[in-house]
Structures are given as structure tokens and as C-alpha cells.
Amino acid sequence: MPHLLSPERRWVCPNCTLTDVTVEVGQHSRFHACPGLKGLTAPMVPAGMSAKVEAVERQDFVANEIVTVDGDGTPVMSVTTTRDDGNDVAVYAPTATAGANV
Ligand SMILES: [Zn+2]
């Protein structure tokens, strides 16, 4: 028996041509490796919503941290999604954080 009221969500990417559909209950987001952002893992936005997704490059010097880099080797700190009603920031935390025992 088909679920006529299945919570289908359509997603688009402002930076490439990828579209996707998820069927999930509740708040969730959809990430993909975006060719428009040099292969970074970027969030998709709900279809019909005007939003932009931008990579934020790290400004500080990268020493011994293992960081997320884009396809050009540029260290990327986060990806921000700017929507009509606010911002989302996905932060790529360095993995070499010592003593993070929370
Ligand atoms: Zn994309």
C-alpha cells in the first residue's frame, strides 16, 4: 500500500545541477560532494527555496592539523548556507584537537 502522505522532500544544489529526493520524517539535511564547490561536502537546499551555499576558507595558518581541503588543496573551514530566514554553518572541525574529551 503506497504512502500517499510520505514526507518527500526535494533538494537542489545552488552550485551544481544535482537534485535529490529524501523520504525522512523530521528535520534533516542532505549533503553531497559538490563539483561546484571543488568536491567539498556541501549541504543541499530544499527545492524552491532561494539560498546560496558558500565555502569559507581558513584564514589562519595550518600547522599540524588534518583539515578539510577542497579540490585545489585550499583548507576550508566551513560551508555556509544563506537562506531567506537565516544561516546554517557546517564547520569542518580539525581532527587533531588534543584533549577534546567531552
Ligand atoms: Zn552541488
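As a reminder, the structure under discussion sits directly above these lines.
Remarks on the overall build of the protein
So, point 1. Within the protein, the regular secondary structure consists of zero helices and eight strands.
So, point 2. When the helices and strands of the protein are read in sequence order from the N terminus, they spell out β-β-β-β-β-β-β-β.
So, point 3. Taken across its 102 residues, the protein has 25% of its residues classed as buried.
So, point 4. Of all intrachain contacts in the protein linking residues separated by at least 6 positions in sequence, the fraction that spans at least 24 positions is 39%.
So, point 5. As displayed, the protein has an accessible area near 7,000 Å², and 54% of this comes from carbon and sulfur atoms.

Thoughts on the coordination of the zinc ion
So, point 1. Binding of the zinc ion to the protein goes through Cys13 (SG), Cys16 (SG), His32 (NE2) and Cys34 (SG), at separations of 2.1 to 2.3 Å.
So, point 2. Considering all four donor atoms around the zinc ion, the spread of angles at the metal, 104 to 113 degrees, places the coordination shape in the tetrahedral class.
So, point 3. Taking the relative accessible area as the measure of exposure, Cys16 reaches 18% and is therefore buried.

Structural notes on the pairing of strand 2 (residues 19–23)
Along any regular strand, the residues point their side chains to alternate faces of the sheet.
So, point 1. Alignment of strand 1 (residues 8–12) against strand 2, held across five bridges, turns out to be antiparallel. Bridge assignment links Glu8 to a residue of strand 2, and that residue is Val23.
So, point 2. Connecting strand 1 to the next strand, strand 2, in antiparallel fashion are six residues.

Notes on the environment of Asn15
So, point 1. As for its placement among the helices and strands, Asn15 is situated in the loop between strand 1 and strand 2.
So, point 2. The exposure class of Asn15 is partly exposed, given its relative accessible area of 27%.
So, point 3. A sequence separation of 27 residues divides Asn15 from Ala42, and the C-alpha atoms of the two residues are 9.3 Å apart.
So, point 4. Setting aside anything within four residues of it in sequence, one finds Asn15 in contact with Cys34, Gly36, Leu37 and Val53.
So, point 5. Separated by 2.9 Å, the side chain of Asn15 and the backbone oxygen of Val53 make a polar contact.

Scoring rules and cut-offs
- Residues numbered from 1 in each chain as written.
- Predicted model: local features only at pLDDT ≥ 70, side-chain atom pairs only at ≥ 80, totals over all residues.
- Heavy atoms only, no water.
- Helix = DSSP H or I, 4+ residues; strand = E, 2+ residues; numbered from the N terminus.
- Buried < 20%, exposed > 50% of the residue type's maximum accessible area, 1.4 Å probe, protein only.
- Contact = heavy atoms within 4.5 Å.
- Areas by Shrake-Rupley, 256 points an atom, 1.4 Å probe, with all protein chains shown as cover.
- Donors = N, O, S within 2.8 Å, 3.2 Å for Na, K, Ca; no water.
- Tetrahedral: all angles 85-135°; square planar, octahedral: opposite > 155°, others 65-115°.
- Pairing = 2+ DSSP bridges.
- Polar contact = N/O pair within 3.5 Å; in protein donor to acceptor, adjacent residues only side chain to side chain.

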